[in-house]
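# Breakdown of the fold
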Amino acid sequence: MTPQLRALSVHLFTATGAVFAMLAMLAAAQGKWSLMFLWLVVAFFVDGIDGPMARRYHVKHFAPEFDGVLLDLIIDYLTYVFIPAFALFQSGLMDGWTGWVAIFVITFASAMYFADTRMKTDDNSFKGFPGCWNMAVLVFFAVEPNFWIILGFVAALALAMFLPLKFVHPVRTERWRVVTLPVALAWTFFAGWAAWVDFHPESWANWGLVACTLYLLLAGIAQQVIPARNAQAG
């Protein structure tokens, strides 16, 4: 296989995320929430490995006619933002006007964040909450907190998008990656397990999901508080 064909294959692999997004949306439209999240977990897995593949096969050099970053952002907005917001509203987890507020805040704030050219930090982390609403909404489905609690989390995470807070990228943030990457893989496992058992309240998957989500949300902020060793040495 030529380098050009390998690079093009990576773009085609990334584009499968749009197909999984459509399958998730069809499941959501029928109220099949567990199936919807299973498709979103598959899309999350694709998103997690297409970046390393793109760098390995130098897609910017061998397949420059396709913008992999733009393609990734389009699919991420569907799978990370749009479909989870729809599920949050349509499932009945949010009551009355709070559901409308939540979906407007999520979609509007995320659109602005995804267009922000300052979203990445020097260490390949994210500046501000990176719009991973699929993770948050999945936890809401698993735990089913009061709708006021959900609204509070939605408001806090939307605000965190535009604050100088760091959130780790599971693959690209080198610091603590030996922990972060396995936690991200565990999150994928627990997410699939929780959806597979239809978010059964006694399933250990729900609490594994909560624990992994808390780590992924707070690890970057912890790194801001705890200086790196090489920085201390300097």
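The text that follows walks through the structure, step by step, so that each part is easy to find.

Criteria and thresholds
The residue numbers shown here count from 1 along each chain, following its written sequence. In keeping with the model being predicted, local features are shown solely for residues with a pLDDT of at least 70 and side-chain atom pairs are shown and tallied solely at 80 or more, while totals for entire chains, interfaces and linings include all residues. Computation of side-chain values: all heavy atoms of the structure, hydrogens and water removed. Aromatic pairs are defined between Phe, Tyr and Trp rings, using the six-membered ring for Trp, whenever the two ring centres lie within 6.5 Å; interplanar angles under 30 degrees are classed as stacked, those over 60 as edge-to-face, and all others as tilted. Only DSSP runs of H or I covering at least 4 residues are called helices, and only runs of E covering at least 2 are called strands; the numbering of each starts at the N terminus. Residue exposure (1.4 Å probe, protein chains only): buried if accessible area is under 20% of the type maximum, exposed if over 50%, otherwise partly exposed. A carboxyl oxygen of Asp or Glu within 4 Å of a side-chain nitrogen of Lys or Arg is what we treat as a salt bridge. The definitions used throughout rest on a 1 Å grid laid over the protein atoms alone, on which a cavity is an enclosed set of points accommodating a 1.4 Å probe that cannot get out and a pocket is an open set flanked by protein within 12 Å on both sides along at least five of seven lines; lining residues are those having an atom within 4 Å of a point. Grid points are joined across faces, edges and corners, and a volume is the space filled by probe spheres set on the points. Polar here means any residue other than Ala, Val, Leu, Ile, Met, Phe, Trp, Tyr, Cys and Pro, which are nonpolar, and Asp, Glu, Lys and Arg, which are charged; Gly is therefore polar. Here the expected span of a helix is defined as 1.5 Å times the quantity of residues minus one. Given a residue, its bend is the angle between the two axes fitted to the seven residues that end at it and to the seven that start from it. Whether two residues touch is decided by their heavy atoms; if any such pair falls within 4.5 Å, the residues are in contact.

## Quick look at the packing of aromatic side chains
Evaluated as defined, the whole model comprises 19 aromatic pairs. Measuring from centroid to centroid gives 5.9 Å for Phe20 and Trp39, while their planes differ by 15°, and the two rings are stacked. Of this pair, Phe20 sits in helix H1 (residues 3–29) while Trp39 sits in helix H2 (residues 33–56), and the two are 19 residues apart along the sequence. By relative accessible area, Phe20 is classed as buried at 18%. Its relative accessible area of 27% is what places Trp39 among the partly exposed residues. Aromatic side chains Trp100 and Phe104 sit 5.9 Å apart centroid to centroid with 45° between the ring planes, which places their arrangement in the tilted category. Of this pair, Trp100 and Phe104 are both found in helix H5 (residues 97–114), 4 residues apart, which corresponds to roughly one turn of the helix. Grouping aromatic residues by their ring pairs yields a cluster made of Trp33, Phe37, Phe141 and Phe199.

## Here we look at the pattern of salt bridges
For the structure on display, the rule yields 2 salt bridges. The salt bridge involving Asp116 is made with Arg118; its shortest N-O contact spans 2.9 Å. For Asp116, a relative accessible area of 19% gives the class buried. Exposure remark for Arg118: the relative accessible area of 56% places this residue in the exposed category.

## A few points about unusual backbone geometry
Even without being glycine, Trp176 reaches a positive phi, approximately 65°. As for its placement among the helices and strands, Trp176 is situated in the loop between strand E2 (166–167) and helix H8 (177–196). The phi angle at Asp198 is positive, at roughly 60°, despite the residue not being glycine. Residue class for Asp198 comes out exposed when judged on its relative accessible area of 55%.

## Examining the layout of surface pockets
Quantified by volume, the largest pocket comes out at close to 1400 Å³. Lining the largest pocket are 50 residues, and of these Asp47, Gly51, Asp72, Lys120 and His169 lie nearest its centre. Of all the elements in the fold, those that place two or more residues in the lining of the largest pocket are H1, H2, helix H3 (59–62), helix H4 (68–90), H5, H8 and helix H9 (204–225). Its residues assigned to classes, the lining of the largest pocket shows 30 nonpolar, 10 polar and 10 charged. Estimated volume of the second largest pocket: approximately 400 Å³. In terms of lining residues, the second largest pocket is bounded by 18 residues, among which Phe140, Phe153, Thr213, Leu214 and Leu217 are the most central.

## Some points on H2
With 24 residues, H2 should cover 34 Å at 1.5 Å per step; its first-to-last C-alpha distance of 35 Å lies within 8% of that length. Roughly 25° is the biggest bend found in H2, and it falls at Asp50, with proline Pro52 one to four residues downstream. Buried within H2 we find Trp33, Ser34, Met36, Phe37, Leu40, Val41, Ala43, Phe44, Val46, Asp47 and Asp50. On its buried face, H2 is in contact with H1, H4, helix H6 (133–143) and H8. Taken from the residues just after H2, His58 is the one with a positive phi, measuring 50°.

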